[in-house]
Amino acid sequence: MNDQELQRLSAAIGERLKEKGATVSCAESCTGGWIAKVFTDISGSSAWFERGFVTYSNSAKQELVGVSAASLAQYGAVSEAVVREMAQGAQQAAQADYAVSVSGIAGPDGGSAEKPVGTVWFGFAAPEGVVIAKHQQFQGDREAVRRQSVAFALQTLQRDFLAN
C-alpha cells in the first residue's frame, strides 16, 4: 500500500470516527509512530485522534501504556499478551474509544526461530472492554514489514471495528 492509499484509508477512518463521535489512539513499537503520522496527515484529524505513544523499549511500554513487567518477561515484547496490554493502556491513557497497538520484528536483525523477522502482533481495543489481538507474518525488508504493518493495522481497524 503506497502513501496515497494509506492517506485515503486514514481519511476514511477519520470520517467514520467523526460520524460515531469517537476517537482513536495508538501505541506503536516497530512502526515507530507511522500510524500516528498517517492519522495526522489528515487535515482535521484532531477531531478524532488525540494522541499516540511510541513505545519502542520495554520500559516505554511499561511507563507509557502500563504493560506489565511479568508479561514482558514471560512472553516477550512481540506477543499477544503485550499488544493486548498496549492497546488497553493506550485506550485508557488517551481516554479514547478505540486504540491500536503494534509490536513486531521488522529486521534485518532481532529474529529467532520462534519469532522470525516479519513477525508482527497487533492489538485492538474497542468500547465496552473489547480487546482483540491478531498476528501476521510479513515478508520483505525493514521498510516493507513496517509499511505492511501500518496498512494491516488501519485496514483491520476500519473493517473489524468501524464498518458498521
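Being a predicted model, the structure only gives us computed values, none of them experimental. (Residues numbered from 1 in each chain as written. Predicted model: local features only at pLDDT ≥ 70, side-chain atom pairs only at ≥ 80, totals over all residues. Heavy atoms only, no water.)

### Examining the nonpolar core
Reasoning step 1: If you look at the biggest cluster of nonpolar residues, it comprises 34 residues, and the most contacted ones within it are Val-24, Ile-35, Phe-39, Tyr-98, Leu-154 and Leu-157.
Reasoning step 2: At the level of elements, α1 (3–20), β1 (24–28), α2 (34–40), β3 (98–104), β4 (119–126) and α6 (142–162) are the ones that each hand at least two residues to this core.
Reasoning step 3: It is α6 that provides the largest number of residues to this core, a total of nine residues.
Reasoning step 4: In terms of nonpolar packing, the next biggest core, distinct from the first, is built from 20 residues, Val-82, Ala-87, Ala-90 and Ile-105 among them. (Core = buried A, V, L, I, M, F, W, Y, C linked by side-chain atoms within 4.5 Å. Buried < 20%, exposed > 50% of the residue type's maximum accessible area, 1.4 Å probe, protein only. Helix = DSSP H or I, 4+ residues; strand = E, 2+ residues; numbered from the N terminus.)

### Structural notes on the packing of helix α3 (residues 58–65) against helix α5 (residues 80–94)
Reasoning step 1: Two numbers describe how α3 lies on α5: the axes approach to 9 Å, and their chain directions differ by 40°. With respect to each other, α3 and α5 are oriented oblique. For the pair α3 and α5, the crossing hand works out as left-handed. Within the contact between the two elements, α3 uses Lys-61, Leu-64 and Val-65 and α5 uses Val-82, Glu-85, Met-86, Gly-89, Ala-90 and Ala-93.
Reasoning step 2: Considered class by class, the residues forming the contact of α3 with α5 number six nonpolar, one polar and two charged. (Axes fitted to C-alpha atoms, helices over the stretch in contact; angles between N-to-C directions. Parallel < 35°, antiparallel > 145°, perpendicular 65-115°, else oblique. Left-handed = near helix turned anticlockwise from the far one by under 90°. Contact = heavy atoms within 4.5 Å. Nonpolar A, V, L, I, M, F, W, Y, C, P; charged D, E, K, R; others polar.)

### Some thoughts on the environment of Ala-73
Reasoning step 1: Here Ala-73 shows up in helix α4 (residues 69–75).
Reasoning step 2: Along the chain, Ala-73 and Asn-58 lie 15 residues apart, while their C-alpha atoms are 9.8 Å from each other.

### Section: α3
Reasoning step 1: Taken residue by residue, α3 has Ala-60, Lys-61 and Val-65 as its buried positions. For α3, the buried positions fall inside an angular range of 105° around the axis, keeping them on one side.
Reasoning step 2: In this structure, the buried residues of α3 make contact with β1, β2 (49–54), α4, α5 and β3.
Reasoning step 3: Two residues or fewer after α3 comes Gly-66, characterised by a positive phi angle close to 70°. (Arc of directions from axis to C-beta.)

### Overview of the UniProt feature "domain: CinA C-terminal" (unreviewed entry) in the chain
Reasoning step 1: Per the UniProt annotation, the sites labelled "domain: CinA C-terminal" (unreviewed entry) are residues 8–159.
Reasoning step 2: Between the end C-alpha atoms of residues 8–159 there is a gap of 14 Å, over a span that is 45% helix and 22% strand. (UniProt positions renumbered as here; feature names shortened; annotations may be inferred.)

### Considering the sheet that holds β3
Paired through backbone hydrogen bonds, the strands of a sheet run either parallel or antiparallel to each other.
Reasoning step 1: Spatial strand order, β2-β1-β3-β4-β5: five strands in an open sheet with mixed pairing. One side of each edge strand has no neighbouring strand; the edge strands of this open sheet are β2 and β5 (130–137). On average, each strand axis in the sheet is inclined to that of its neighbour by 15°, with strand direction left out of account.
Reasoning step 2: Pairing of β4 with β5, which is carried by eight bridges, proceeds in the antiparallel orientation. Residue pairing for β5: Phe-124 is matched across the bridge by Ile-132.
Reasoning step 3: Running at roughly 145° to β2, α3 makes contact with β1, β2 and β3 of the sheet.
Reasoning step 4: Against the sheet, α5 contacts β1, β2, β3, β4 and β5, and its axis sits at roughly 145° relative to β3. (Pairing = 2+ DSSP bridges.)

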